[in-house]
Amino acid sequence: MSPPTPHRLLQQLHAAEQQLNQIIVGKPQAIRLALACILAQGHLLIEDIPGVGKTTLAHALAQVLGLAFARIQFTSDLLPADLLGVSVYERNEARFHFHPGPIFTQILLADEINRATAKTQSALLEAMAERQVTLDGQTHLLPTPFFVIATQNPQQQIGTFPLPESQLDRFLLRIELGYPSPAAERALLEGIDRQVLLQQTTALLDAEQLIAAQAAILQVTVSSALLDYIQALIAHTRRDTQFVYGLSPRAALGLVHASKAWAWLNGRSMVLPDDVQSVFVAVAGHRLISKQSHRNDFIAAQQILTQVAIP
């Protein structure tokens, strides 16, 4: 059977998006950003109060994309071995045998990631950056595709450990769901329970098709003028004195990749300034720290788009 065409893959992604919108009601922007994130081969951070659908969105993404899924609840006593796995000495074979942890999956939900200590949080760094885990001198490759969705409670809540900048920089996009609109909340209250909907949800893609869609994103073109615009945005964050420091080269690359994915989801083979603006706050907001509050400043990130002219 011939591989699906980019047009057919796009149709399947739009069908998956429609199904996700039936589960997470009234949040089309957040859902499209989540899909753009996985298409751009990045990792997703969802920050919000408990009970607004963060975990449900992660489950639903795995379900409609046909990917293996594992969830691990982060707590203050969680150890790196609980996440990565452990080598156990097998007496009969007189050797150590590696028992993989829940990280060996295609979509990993790191639930309430900022309730774990820095030691456990850092266990994810190599996996997120290089799609591999090194333990006892042995390197173990992770499945393909590999995608981390981490949920985070607001930092002012009790029992949280702020993610260090190096960890935040590994997440391509950060989104929030927020409270639903009155109409969306009414539909939620009158509708079928979300867990029942998840059980009824069918996979519309599989791992091979998702990898093909990720490859199609790489064919989206970015003009020289648009790269000038992206560089101007990045340079502005580095000059702006209200931030501790500006965006890194990794963030600049992430902005390009996320913009390509957003353009492709909108049926275009070329990135427009609108695509960059649609993903900019999700790419930049969690990376920019205010000197005044020492917290991430998403409002200031949004304001940058009005301060940098489109070439």
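In this text the structure is predicted, and so the values were computed from the model without any measurement.

Chemist: Explanation requested: the packing of helix H2 (residues 28–39) against helix H3 (residues 54–65) in the structure shown.
Modeler: Between two packed helices, both the angle of their axes relative to each other and the distance between the axes serve to describe the pair. The N-to-C vectors of H2 and H3 enclose an angle of 55 degrees; their axes lie 12 Å apart at closest approach. It follows that H2 is oblique to H3 by the angle criterion. In this structure, H2 crosses over H3, and the sense of that crossing is right-handed. Seen from H2, the contacting residues are Ile31, Ala34, Leu35 and Ile38; seen from H3, they are Leu57, Leu61 and Leu65. Considering only residue class, the contact of H2 with H3 consists of 7 nonpolar, no polar and no charged.

Chemist: Explain the sheet that holds strand E1 (residues 44–47) here, please?
Modeler: Backbone hydrogen bonds hold the strands of a sheet together, and the pairing may be parallel or antiparallel. Strand order in the open sheet formed by 5 strands is E2-E5-E8-E1-E9, with parallel pairing between adjacent strands. At either end of the open sheet lies a strand with only one pairing partner, and these are strand E2 (69–73) and strand E9 (173–175). Strand-to-strand, the axes of this sheet are offset by a mean angle of 20 degrees, without reference to chain direction. Note: E2 against strand E5 (residues 107–111), 5 bridges, orientation parallel. Considered in E5, the bridge of Phe69 is made with Ile107.

Chemist: In this structure, what is going on with the pairing of strand E6 (residues 132–135)? I would like to understand it.
Modeler: Two faces, one strand: in a regular strand the side chains alternate between the faces of the sheet. By the bridge criterion, 4 bridges tie E6 to strand E7 (residues 138–141) in an arrangement that is antiparallel. Paired with Thr134 across the bridge in E7 is Thr139. Between the end of E6 and the start of E7, which pair antiparallel, lie 2 residues, with Asp136 showing a positive phi angle near 50 degrees.

Chemist: Could you clarify how one ought to interpret H2 in this entry?
Modeler: Note on helix geometry: an α-helix contains 3.6 residues per turn, so any two residues three or four positions apart are oriented the same way. Taking 1.5 Å of rise per residue, the 12 residues of H2 would be expected to cover 16 Å, and the 16 Å separating its terminal C-alpha atoms lies within 8% of that figure. All of the buried residues along H2 are Ala30, Ile31, Arg32, Leu33, Ala34, Leu35, Ala36, Cys37, Ile38 and Leu39.

Cut-offs and rules
- Residues numbered from 1 in each chain as written.
- Predicted model: local features only at pLDDT ≥ 70, side-chain atom pairs only at ≥ 80, totals over all residues.
- Heavy atoms only, no water.
- Axes fitted to C-alpha atoms, helices over the stretch in contact; angles between N-to-C directions.
- Helix = DSSP H or I, 4+ residues; strand = E, 2+ residues; numbered from the N terminus.
- Parallel < 35°, antiparallel > 145°, perpendicular 65-115°, else oblique.
- Left-handed = near helix turned anticlockwise from the far one by under 90°.
- Contact = heavy atoms within 4.5 Å.
- Nonpolar A, V, L, I, M, F, W, Y, C, P; charged D, E, K, R; others polar.
- Pairing = 2+ DSSP bridges.
- Expected span 1.5 Å × (residues − 1).
- Buried < 20%, exposed > 50% of the residue type's maximum accessible area, 1.4 Å probe, protein only.

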